[in-house]
Amino acid sequence: MKNYKNNLRFVIFLVAITIVNGACKKESWPPDFGMGKGYFYWFENNKLWLKRDRNHLSIRFYEDYGKAFHDSILDAYGIQTVWAQTFDKHPPMPGYYRVTRSPAEDYYTSYGDTTLNRMGNLPEIEFVLPVFYKNEDFQDLKLMPKILYTFHESITEARQVEILDSLITFDNIELRQLFPGEEWCTYHIYVTKSSPACPYTLYHRYYETGFFEAIDMDWSFTSQWLINK
């Protein structure tokens, strides 16, 4: 009888341990894929370093397909919504999403080869791009497929047109107005899916040309100050 009670206690102990372990695993889900290092942007000729967030994505669906379609695709890929993309608002903003099955890079739009079987290459999706981490003030720097630029004053308008035409031809980029329809609205470079490289890579390539007085990647971000307010 004594052995029976001891065995019963042992079985109950094992069951309790199993339940606790299961609860711990559930609390740690989804998995943490960490941060990628070695990324940066230029500010006043200095490198400012970034970390690529391998847990989150910057995603923008074409609005014509609607929110229900947006939700169904995310569900199929096991992607959770943190901040949903905007619908019927201008300018359109991407959403901020959490991966649960694979690192974020497995979902990115593969610029230059959109035949790859990736979520970011679906025709209903405008782009799936990285999210970068800068500091505690701006945690979710969601990359956009835009590059903002200003030419050096020494470059004539005719030469500017030549440079932009060459980029359009060789890199399959487009020039778009920041605020379409507004008079005297400035233009930006829009990186299409048929471009040979992603916006991050093209930004660095254009910076190195020396044509531009200022050139920047375009971000959508949530200020931590706004979250905590």
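Residues numbered from 1 in each chain as written. Predicted model: local features only at pLDDT ≥ 70, side-chain atom pairs only at ≥ 80, totals over all residues. Heavy atoms only, no water.

A. The packing of aromatic side chains, seen in detail. All told, the structure shown has 14 aromatic pairs when counted by the stated rule. A centroid spacing of 5.6 Å and a plane angle of 75° characterise the contact between tyrosine 149 and phenylalanine 151, whose relative ring orientation is edge-to-face. Grouping residues by exposure puts tyrosine 149 and phenylalanine 151 together as buried. Ring geometry for tyrosine 149 and phenylalanine 212: centres 5.8 Å apart, planes at 65°, overall edge-to-face. Of the two residues, tyrosine 149 sits in strand 6 (residues 141-151) while phenylalanine 212 sits in strand 9 (residues 212-220), which places them 63 residues apart along the sequence. Neither residue differs from the other here; tyrosine 149 and phenylalanine 212 are each classed as buried. Through a chain of ring-to-ring contacts, three or more aromatic side chains come together here, namely Tyr39, Phe132, Tyr200 and Trp219. Its guanidinium or amino end placed over the ring of phenylalanine 40, lysine 47 lies 4.6 Å from that ring's centre, counting from NZ or CZ. (Phe/Tyr/Trp six-rings, centres within 6.5 Å; stacked < 30°, edge-to-face > 60°. Buried < 20%, exposed > 50% of the residue type's maximum accessible area, 1.4 Å probe, protein only. Helix = DSSP H or I, 4+ residues; strand = E, 2+ residues; numbered from the N terminus. Lys NZ or Arg CZ within 6 Å of the ring centre and 35° of its normal.)

B. Structural detail: a nonpolar patch on the surface. Together, Ile168, Leu175 and Tyr187 make up a nonpolar patch on the protein surface, roughly 240 Å² of accessible area in all. Within the secondary structure, leucine 175 is located in strand 7 (residues 173-177). Residue leucine 175 is classed as partly exposed on the basis of its relative accessible area of 31%. (Patch = residues over 30% accessible without salt bridge, like charges linked within 9 Å, V, L, I, M, F, W, Y side chains within 5 Å. Areas by Shrake-Rupley, 256 points an atom, 1.4 Å probe, with all protein chains shown as cover. Salt bridge = Lys/Arg side-chain N within 4 Å of Asp/Glu carboxyl O.)

C. Spotlight on the pairing of strand 2 (residues 46-61). Looking at chain direction, strand 1 (residues 35-43) and strand 2 are connected through seven bridges and run antiparallel. Bridging across to strand 2, methionine 35 finds its partner in aspartate 53. Joining the antiparallel neighbours strand 1 and strand 2 is a turn of two residues, in which glutamate 44 adopts a positive phi near 50°. Taken together, the eight bridges between strand 2 and strand 5 (residues 125-133) define a ladder with antiparallel strand orientation. (Pairing = 2+ DSSP bridges.)

D. Structural context of the environment of proline 196. Here proline 196 shows up in the loop between strand 8 (187-191) and helix 4 (199-207). Taking the relative accessible area as the measure of exposure, proline 196 reaches 42% and is therefore partly exposed. Each C-alpha atom, one on proline 196 and one on serine 110, is 9.1 Å from the other, the two residues being 86 residues apart in sequence. The residues touching proline 196, leaving out its near neighbours within four places in the chain, are Tyr111, Gly112, Phe170 and Asp171. (Contact = heavy atoms within 4.5 Å.)

E. A look at the pattern of salt bridges. Under the counting rule described, the total for this entry stands at eight salt bridges. With its nearest N and O atoms 3.0 Å apart, the salt bridge here joins arginine 52 to glutamate 105. Remark: glutamate 105 occurs in the loop between strand 4 (95-98) and strand 5 and arginine 52 occurs in strand 2; sequence separation between them is 53 residues. Overall, glutamate 105 belongs to the buried group, its relative accessible area being 19%. Here arginine 205 and aspartate 171 are joined by a salt bridge, their closest N and O atoms 3.8 Å apart.

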